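What the coordinates show
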Amino acid sequence: MRASYTAGALVTLLEEGIEFSDIYGISAGSSHTVNYISKDIWRSKASFVDFMATPGAAGARCFLRGRGYFSAEYIYERSCLPGGPLPYDFETFLNNPAMPHVESFERDTGRTVCWGKDDMPTLLDLMKRVRASSTMPFFMPPVEIDGHVYFDGGLGDSWGVPLAQAKLDGYKKFFIVRTQMRGYRKSKNKHPFLTKALFGARGIVAQRMIERYKNYNTILDEIDGLEAHGDAYVFYPRAMPVKNTTIGLPLLQASYDAGYEQARAELSAWRDFL
């Protein structure tokens, strides 16, 4: 739900007609990726703000009923359908030449996967992969696609920031949208034994959760270096008023408003860099 803030940056890109040929997203960033390619300003904001007021979308009651704290199947696979509360413009997505790169983590092998349009010939194919990329362990049930089970892409080899894949594709300059403030670094897992207990049968998931902070912080150091050399523009929130589990509409709306205001203020700097 920190993406409620960066939705303001996404909406600004769409309003200003700033288009990229390749967009890389992990976890909540995968929703931003596909909303951006569908050019849907309303959905880009609603996905992380207004929709949370929809009954049954998220909360403790959903969790106790076994759907996850975020009711993932409903959010990704049902609400997007025509007539649903969050309909998705799949035709525009297909017709836009921009390419999505959505990463996820295969639970049983530890393999990182990167899906593109060829893997998304239908709306359900698309949304199942966005859901898979966004499935936080414990908070949401894992997703099965073609016989393989997936968790949040933040556990994969990009560790939550898909810089490596963009570099593999030949890019040397990057426009990066972050949901954490400048200078943030992830702390060491304080409860490794509890993590192992929760995912004992899936030791590779537990190990990734325990190791993630080191690799994630290394990528952030690399981004600092790219920025210092003029090879990256990084949108850092000035403040982050919500947590990743915040679902209160007033807080999410305030988060979005702050992100949008900041994005408009930075727009000329974005254009200079681009």
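An account of the accompanying structure is given in this report. Keep in mind that what you see is a predicted model, and the values were worked out from it rather than measured. (Residues numbered from 1 in each chain as written. Predicted model: local features only at pLDDT ≥ 70, side-chain atom pairs only at ≥ 80, totals over all residues. Heavy atoms only, no water.)

1. So, the nonpolar core
The nonpolar side chains of a soluble globular protein tend to be buried with one another. The biggest cluster of nonpolar side chains holds 57 residues, and the ones touching the most others in it are Met-52, Phe-70, Tyr-88, Phe-93, Trp-115, Leu-126 and Trp-270. Ranked by the residues each element gives to this core, the list is headed by helix α1 (residues 3-15), at 8 residues. (Core = buried A, V, L, I, M, F, W, Y, C linked by side-chain atoms within 4.5 Å. Buried < 20%, exposed > 50% of the residue type's maximum accessible area, 1.4 Å probe, protein only. Helix = DSSP H or I, 4+ residues; strand = E, 2+ residues; numbered from the N terminus.)

2. Some remarks on unusual backbone geometry
Despite not being glycine, Lys-39 shows a phi value in the positive range, around 60°. As for its position among the elements, Lys-39 is in the loop between α2 (28-37) and α3 (41-46). Residues other than glycine seldom take positive phi values, yet Asp-146 does so here, at roughly 55°. Among the structural elements, Asp-146 can be located in the loop between β4 (143-145) and β5 (148-151). Exposure remark for Asp-146: the relative accessible area of 67% places this residue in the exposed category.

3. Notes on the packing of aromatic side chains
Overall, the coordinates contain 16 aromatic pairs when judged by the stated rule. Between Phe-90 and Phe-93, the ring centres sit 5.7 Å apart and the planes meet at 20°, which makes this aromatic pair stacked. On the criterion of helical spacing, the pair formed by Phe-90 and Phe-93 is a turn pair, its members being 3 residues apart in helix α6 (residues 90-95). For the residue pair Phe-90 and Phe-93, the accessibility class agrees, reading buried in each case. Seen in terms of ring centroids, Tyr-233 and Phe-273 are 6.0 Å apart; in terms of plane orientation they differ by 50°. Their pairing is tilted. Taken together, the residues span a long stretch of sequence, with Tyr-233 in strand β7 (residues 232-235) and Phe-273 in helix α11 (residues 249-273) at a distance of 40 residues. (Phe/Tyr/Trp six-rings, centres within 6.5 Å; stacked < 30°, edge-to-face > 60°.)

4. A look at the packing of α1 against α2
Relative orientation of the contacting elements α1 and α2 amounts to 20°, with a least axis distance of 11 Å. Comparing their axes, α2 and α1 come out roughly parallel. As for how α1 packs across α2, the hand of that crossing is right-handed. Residues Ala-3, Thr-6, Ala-7, Leu-10, Leu-13 and Leu-14 of α1 form the contact with α2, whose own contacting residues are Ala-28, His-32, Asn-35 and Tyr-36. A breakdown of the residues in the contact of α1 with α2 according to their chemical character gives 7 nonpolar, 3 polar and no charged. (Axes fitted to C-alpha atoms, helices over the stretch in contact; angles between N-to-C directions. Parallel < 35°, antiparallel > 145°, perpendicular 65-115°, else oblique. Left-handed = near helix turned anticlockwise from the far one by under 90°. Contact = heavy atoms within 4.5 Å. Nonpolar A, V, L, I, M, F, W, Y, C, P; charged D, E, K, R; others polar.)

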